[in-house]
Amino acid sequence: MAGAQGRDDHFRKSLRFCGWTGVVAVVAFIIGGMLLGGMIPPLLAPDDPAEVFVAKISEHLLAIRVGSVFCMISFALFGSFGAGIAAQTRRAELNPCFSYVQLLFTAAGTVVAVLVAFCWALMAFRPDEYDPTLVQFLADFAYFLAVFSVPVFGGWCVVIALPILMAKDGERPFPRWVGYANLWAAVLFAPGQMVLFFKHGPFSWNGVVALWLPFTAFFLWILLMSWAMFDATKDENVPSRFY
Amino acid sequence: MQTPDTMSIATAQAHHSARVPGEAGIWIFIAGDLLAFTLFFVLIALGNGDQPQVFARGRASLDIGLGVANTLLLLTGSWLVAAGVETSRKGAGRAASRYFLAGAACGLGFIANKFIEWSHLIRLGASPQTDDFYMFFFVFTGIHLFHVLLGTVYMLVLSRACSKRPAGPERDRFVECGGLFWHLVDLLWIVLFALLYLI
Amino acid sequence: MPKPSSLPSRSLTLVWLALVVATLAGWQLGESAQHAHGPARAAVAGVVAIAFLKVLAVGLQFMELREAVWFLRAGFCVWVFGAMTALIAILVLR
């Protein structure tokens, strides 16, 4: 019937839309967080005095402001990206539980990420009028939101992996290796929590283990899951594939 | 041109070596974890080059005997777990279950030993903030300890699964993946032990 | 007592024994690396090499890469020798 076929077609298109929002989120972050905003590679350092924070931000004021706009766009798209994944795992679950938990983690993760962009923007709003330590605090807060939030983003990955790995052959929303890749991503986010204990070196919020590792893993993970959503909708005859 | 002979040898070899232990997906996880730890190893080696005295002093304060004991515990655990995988594949679920329980006991021994070692070091006044050696020592052995904890829980789950679930390809896959994770934890410790205690 | 058929295979036990011996050898070499003044660099290289040979044995025997599809085995061996070479280079040359 045309009605059912139409609905299936609708699902395939909307899942592809969600996959594309993941890709756009990565591109927007590369523009806003990397090329303009100075979030990574990090412009600031946690062991700098507060005055140095103000000086560096004043010097790059416009770039950070424009970068923050792009970051906000990028982070807000985590919502539709995560909802797409949950919609596909939901189709494979008879009584959806993991899919609902995923939606909660998606919502929480989106709020946490959006707050990163808020802090980044406020930092560049009036750095000369704020007390310098307040500027420093906003930068600290932004990085803590991004990498200290391991259980939110790692938990999200784990509840994506579980319904994949626990499903039977032929009823799987995504291929099994995608499940393992999610577990791996969760492991790579974990060292982010070290930022509370160090102000310099590889475990501080500008360091290779606590910043670069989780950020690289996170955005590669988004690209992987976007690809997985595209792959699930490859076949024109069914709304989405099972593996 | 391929003669029929070489072709049949080629297909025979291809058939012989097409096996993927566990399943393909877990090797993505293993490769990922190996790469992350390779970064950790390189950081330790670079730190050692930057501050040789700090690292030598830190190393001298460690009890190598405890480190060796932990290495032997994980190696013995690996031997028991590998035996469990073999046994489970043969269909002897109860015997396999005992091997995995013994493997989990090795994991618990490792954790208890780490607790003794760390509490001794902390009583001596060492902490991750003391210097770069202790920073690397506590953080990297801590991340590894978390792996051991996961591995121990996985072995307990396998021990139960082998006595409850019927033998077959599904159980084989679950059991082999558990074995692979355990051995990964073992081999990461081998390198960490050499870099942090021995050099 | 497990039944005879459930005893570990001989190759498993031999590799385990070799690993234990290598651990003890690495320990002795490590002691001499920490206390020696002259040839310490050679001992450091030796300790790292022994560690990665142990890693190789764990991978090939316990992780069953010896009988696995060639690219898994090759990938693992490349990682073992690459990481070993890089670490020895950093530790000995710096």
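Residues numbered from 1 in each chain as written. Chains lettered and ligands numbered in written order. Predicted model: local features only at pLDDT ≥ 70, side-chain atom pairs only at ≥ 80, totals over all residues. Heavy atoms only, no water.

- Under an unreviewed UniProt entry, the name given to chain C is Cytochrome c oxidase subunit IV, and the source organism is Novosphingobium colocasiae.
- Per UniProt, the comment on chain C under Subcellular location (unreviewed entry) is "Cell membrane". (UniProt positions renumbered as here; feature names shortened; annotations may be inferred.)

**Examining the overall build of chain A**
Phase 1: Scanning chain A from terminus to terminus reveals 9 helices and 0 strands.
Phase 2: The order of α-helices and β-strands along chain A, N terminus first, is α-α-α-α-α-α-α-α-α.
Phase 3: In summary, chain A has a C-alpha radius of gyration of 20 Å against a globular reference of 18 Å for 243 residues, a match within 12%.
Phase 4: Projecting the C-alpha coordinates of chain A onto the three principal axes gives extents of approximately 65 × 35 × 25 Å.
Phase 5: Split into buried and exposed, the 243 residues of chain A put 52% on the buried side.
Phase 6: Nonlocal contacts in chain A, meaning residues at least 24 apart in sequence, comprise 75% of its contacts between residues at least 6 apart.
Phase 7: As presented, chain A carries roughly 10,600 Å² of accessible surface, and 71% of it is formed by carbon and sulfur atoms.
Phase 8: The distance from the centre of the 15 positive side-chain charges to the centre of the 16 negative ones in chain A is 12 Å. (Helix = DSSP H or I, 4+ residues; strand = E, 2+ residues; numbered from the N terminus. Rg over C-alpha atoms; globule rule 2.2 N^0.38 Å. Buried < 20%, exposed > 50% of the residue type's maximum accessible area, 1.4 Å probe, protein only. Contact = heavy atoms within 4.5 Å. Areas by Shrake-Rupley, 256 points an atom, 1.4 Å probe, with all protein chains shown as cover. Lys, Arg positive; Asp, Glu negative; His and termini not counted. Charge placed at Lys NZ, Arg CZ, Asp CG, Glu CD.)

**A few points about the packing of aromatic side chains**
Phase 1: Under the counting rule described, the total for this entry stands at 46 aromatic pairs over all chains.
Phase 2: Ring geometry for F53 of chain A against W205 of chain A: centres 6.3 Å apart, planes inclined by 80°, an arrangement best described as edge-to-face. Of the two residues, F53 of chain A is situated in helix 2 (residues 50-59) and W205 of chain A in the loop between helix 8 (176-189) and helix 9 (208-232); the sequence distance between them amounts to 152 residues.
Phase 3: The exposure class assigned to F53 of chain A is buried, which follows from its relative accessible area of 1%.
Phase 4: Given the relative accessible area of 2%, W205 of chain A is considered buried.
Phase 5: An angle of 50° between the planes, with centres 6.3 Å apart, marks the rings of F55 of chain B and F136 of chain B as tilted. Highlighted residues: F55 of chain B in helix 3 (residues 52-60) and F136 of chain B in helix 6 (residues 132-164), separated in sequence by 81 residues.
Phase 6: For F55 of chain B, a relative accessible area of 0% gives the class buried.
Phase 7: For F136 of chain B, a relative accessible area of 4% puts it in the buried group. (Phe/Tyr/Trp six-rings, centres within 6.5 Å; stacked < 30°, edge-to-face > 60°.)

**A word on the nonpolar core**
Phase 1: Among the nonpolar cores identified, the biggest contains 166 residues, and F75 and W221 of chain A together with F140 of chain B are the most heavily contacted of them.
Phase 2: In terms of residues, this core owes the most to one element, helix 7 (residues 169-198) of chain B, which gives 19 residues.
Phase 3: Excluding its chain neighbours within four sequence positions, the residues that come into contact with F140 of chain B are F203 of chain A together with F40, L43, I44 and L192 of chain B. (Core = buried A, V, L, I, M, F, W, Y, C linked by side-chain atoms within 4.5 Å.)

**Examining the side chain of H147 of chain B**
Phase 1: If you trace the backbone, H147 of chain B turns up in helix 6.
Phase 2: Residue class for H147 of chain B comes out buried when judged on its relative accessible area of 3%.
Phase 3: Here the side chain of H147 of chain B touches D33 of chain B through a polar contact of 2.7 Å, side chain to side chain.
Phase 4: In this view, H147 of chain B contacts V187 of chain A together with D33, F37, F181 and V185 of chain B; residues no more than four positions away in its chain are not counted. (Polar contact = N/O pair within 3.5 Å; in protein donor to acceptor, adjacent residues only side chain to side chain.)

**A short note on the environment of Q193 of chain A**
Residue and element names in this part refer to chain A.
Phase 1: The residue Q193 is located in the loop between helix 8 and helix 9 in this model.
Phase 2: Classification of Q193 as partly exposed rests on a relative accessible area of 29%.
Phase 3: Measuring from C-alpha to C-alpha, the distance between Q193 and A210 comes to 7.3 Å, with 17 residues separating the pair along the chain.
Phase 4: The contacts of Q193, once residues within four sequence positions are left out, are V147, F148, V150 and P151.

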